[in-house]
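What follows is each chain in one-letter form.
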Amino acid sequence: MKKMNVFLCMLLIVAMVAACQPKTQTPTAPAATGFRVVVIGKSVHPYWSNVEKGVRAAAKDLGLADDQAIFFVPPQEDVAAQIQTMQTYIAQGVTGIAIAPSDPNALEPVMKQAAEAGIIVTTLDTPPVENSVSLVYIGTDNYAAGKVAGEQMLKLLPNGGLVGIGRGSDTALNALQRTQGFLDAIKGSKIQTLEPVNDREDSARALELANSVLSAHPDLAGAFGVYAYNGPAWATAIKEAGRVDKTKLVCFDATTDIINGIKEGVIDATVAQREFDMGYKSVQLIYLIATKGKDAAFQEMGVKGGVIDTGVDVITQANLKEYEAALDKKGIPHEWTTAGWEPQQDEVDQWK
Ligand code: BGC
């Protein structure tokens, strides 16, 4: 009996010593085991490939495996595809979903379904509806940025004139808020605007529409490109119409073709967003919420009023060099292309 007690005591000591040993560290933090985040964008475009670069960079910095940070975009603006993709990942029980809702009203019910299933839901690039289940919106203050674009146009057209507007959505809040900001900035001036034309994030259609606006209004004084491919579409149409010095062009974003347009002098100014940061911070925030809790995550990331404002840069020929140097310093790429970049095909196939 005594022998048995001694043996049991020894066993207990061995077990206690083992429990006190430091656990072997895996490359991923223990709390991240089983962590999966999905970032859902809007279309196949260099703008979104740069968002994906941000997603990848964050995953690398956080020690996540490739399949722990998933990125998805439909070929072009497609609300049904976004909804279906959300449903797929809700069923898989991922940790968090960050989405750029092409139509915030249409996406809210499925976002709610995700939140009710315990998934962390945030938005990026395009804000959600008011009182959304989205915990945080990470992106540009689109109304303010639209105003910045309008102010650039005011400087370019001091004597006023007719301005055309091309955009990729009549429902996405970023398109609506940018347009409103632009219109408010030029209010009371001699600038007049045409009804915005909508290409649904189809760049070929954007060019057709820009061409038809220019042929209907051959004396067009200015053009405003609301989404990333609208500037280049206007630039091509303006060049083809032989109006490079006559039609002033203000647009959004700083993809390679836009930068080339600025160098050539066909694009006068662009409002560059910080979409790399939108991708990076979406992954970082969801990771911090999952591992440290909402309050600590919000504090660490500086969330204010449910928003992380990523900010914008206005680029013209005059400051292009400094802008590119600043990106280089931060290690953010600025040769943007979709070459070699495709949305994850297996996911595209799921809703085809
Ligand atoms: C917008 C995105 C859009 C992208 C490409 C950007 O300006 O912020 O919502 O998908 O352009 O069209």
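Relevant structure appears above.
Description of the structure in this document. (Residues numbered from 1 in each chain as written. Predicted model: local features only at pLDDT ≥ 70, side-chain atom pairs only at ≥ 80, totals over all residues. Heavy atoms only, no water.)

**A few points about the overall build of the protein**
Phase 1 of the analysis: Each helix and strand in the protein was counted, giving 13 helices and 13 strands.
Phase 2 of the analysis: Within the protein, buried positions represent 50% of all 352 residues.
Phase 3 of the analysis: Across the protein, contacts joining residues at least 24 apart in sequence account for 75% of those joining residues at least 6 apart.
Phase 4 of the analysis: Accessible area of the protein: about 16,100 Å², with a carbon and sulfur share of 55%. (Helix = DSSP H or I, 4+ residues; strand = E, 2+ residues; numbered from the N terminus. Buried < 20%, exposed > 50% of the residue type's maximum accessible area, 1.4 Å probe, protein only. Contact = heavy atoms within 4.5 Å. Areas by Shrake-Rupley, 256 points an atom, 1.4 Å probe, with all protein chains shown as cover.)

**So, the site of the ligand**
Phase 1 of the analysis: If you check the shell around the ligand, you find 13 residues, and the closest are Trp48, Asp125, Arg178, Tyr229 and Asp253.
Phase 2 of the analysis: A distance of 3.0 Å is found between an oxygen atom of the ligand and a backbone nitrogen or oxygen belonging to Ala228.
Phase 3 of the analysis: For the ligand, an oxygen atom lies 3.0 Å from a polar atom in the side chain of Gln273.
Phase 4 of the analysis: Here the ligand, which alone exposes 310 Å², has 100% of that area covered by the protein. (Near = heavy atom within 4 Å. Polar contact = N/O pair within 3.5 Å; in protein donor to acceptor, adjacent residues only side chain to side chain.)

**Regarding helix α10 (residues 275-292)**
Phase 1 of the analysis: The terminal C-alpha atoms of α10 lie 25 Å apart, and with 18 residues this matches the ideal 26 Å at 1.5 Å per residue to within 8%.
Phase 2 of the analysis: When α10 is considered as a whole, its buried residues turn out to be Glu275, Phe276, Asp277, Met278, Gly279, Ser282, Val283, Leu285, Ile286, Tyr287, Leu288 and Ile289.
Phase 3 of the analysis: A positive backbone phi angle near 95° is found at Gly293, which sits one or two residues after α10. (Expected span 1.5 Å × (residues − 1).)

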